[in-house]
Amino acid sequence: MKKIQIITLFPEMFEGVLNSSMMWKAQKEKVVDFRIINLREFGLGPRKQVDDTPYGGGDGMLLMPEPLFSAIKHAQENDSKAKVVLLTPKGERWVQPKAKSWANNGDNYIFVCGRYEGYDERILTLVDKQISIGDYVLTGGELAAMTVIDSIVRLLPGVLGGENSAEIESFSDGKTLEYPQYTRPEVFEGLNVPKVLLSGNHAEIAKWRQKNSKKAK
Ligand code: SAM
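Below you will find a few notes about this structure. (Residues numbered from 1 in each chain as written. Predicted model: local features only at pLDDT ≥ 70, side-chain atom pairs only at ≥ 80, totals over all residues. Heavy atoms only, no water.)

### Some details on the environment of E66
As for its placement among the helices and strands, E66 is situated in helix α3 (residues 65-78). With 145 residues separating them along the chain, E66 and K211 place their C-alpha atoms 55 Å apart. (Helix = DSSP H or I, 4+ residues; strand = E, 2+ residues; numbered from the N terminus.)

Set out below in structure tokens:
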């Protein structure tokens, strides 16, 4: 079973996503185990402070090192070999081949969600991987963590229904987009399903699908 721990200031953001659809199914079938760690619980002083102003000046606040170190160490007490992943726009770009590799490598993960203007750089000493989900800036790492986790969990053995459904979808080879797909009815508002798909000729269908798959930009 893959164990995924998530360190966040906003645990409630994960409730709907982790308890719906494939993520819910994967937990029910004991393919994955999620644990949410509330960073606030590791905050300092009676107000459980987690952020402070940056040295050298500048707008906004940074996550302080002490709460982050304590939360990561706490997660490591549960799972000493888990890889620590920091979500950050400065990280390596997340792509489908990585999702496939992380789903199959047997590693467990601790995801750390940044907030505010970011985090004290010294936490990088505890981080194994820095991951970005794209060249834009989100308010926090939670949506990025959900994106990465969803893309991994749906590829864990036994989660998707069809044996090959993940093999033939977009980006499965890192560069091809899936062919167009149709379902009933055969004609909808004057728009027809391509005839070859109704023909039952599997070789022709495969040829059509290959021709209509595109190269990703
Ligand atoms: N000041 C930071 C910068 O310019 O790089 C951006 C901080 S952002 C407002 C707050 C947090 O959201 C980041 O620390 C990170 O955890 C998360 N985040 C924002 N954009 C992200 C992205 N594209 N990929 C992954 N995480 C992201």
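From this point on, the discussion continues.
### Here's the deal with the sheet that holds strand β5 (residues 83-93)
Reading across from one edge, β2-β1-β6-β5-β7 is the order of the five strands in this open sheet, with parallel pairing throughout. One side of each edge strand has no neighbouring strand; the edge strands of this open sheet are β2 (32-38) and β7 (129-132). Along the sheet, successive strands turn relative to each other by an average axial angle of 30°, direction set aside. On top of the sheet, helix α5 (residues 142-153) reaches β1 (2-8), β2, β5, β6 (109-113) and β7; it is set at about 155° to β6, its chief contact. (Pairing = 2+ DSSP bridges. Axes fitted to C-alpha atoms, helices over the stretch in contact; angles between N-to-C directions. Contact = heavy atoms within 4.5 Å.)

### Side note on the site of the ligand
Near the ligand lie 20 residues; those nearest to it are L87, G114, E117, Y136 and L138. Between G134 and the ligand, the recorded distance is 3.0 Å, taken from a backbone N or O atom to a nitrogen atom. A distance of 2.9 Å separates a nitrogen atom of the ligand from a polar backbone atom of L138. Contact with the protein chains covers 85% of the free accessible surface of the ligand, which is 590 Å². The site holding the ligand turns out to be the largest pocket. Among the elements that take part in the shell around the ligand, β5 stands out by supplying three residues, more than any other. Of the residues in the shell around the ligand, the class split is ten nonpolar, eight polar and two charged. (Near = heavy atom within 4 Å. Polar contact = N/O pair within 3.5 Å; in protein donor to acceptor, adjacent residues only side chain to side chain. Areas by Shrake-Rupley, 256 points an atom, 1.4 Å probe, with all protein chains shown as cover. 1 Å grid on protein atoms, 1.4 Å probe; cavity = no way out; pocket = protein on both sides within 12 Å on 5 of 7 lines; lining within 4 Å. Sits in = over half its atoms within 2 Å of the grid points. Nonpolar A, V, L, I, M, F, W, Y, C, P; charged D, E, K, R; others polar.)

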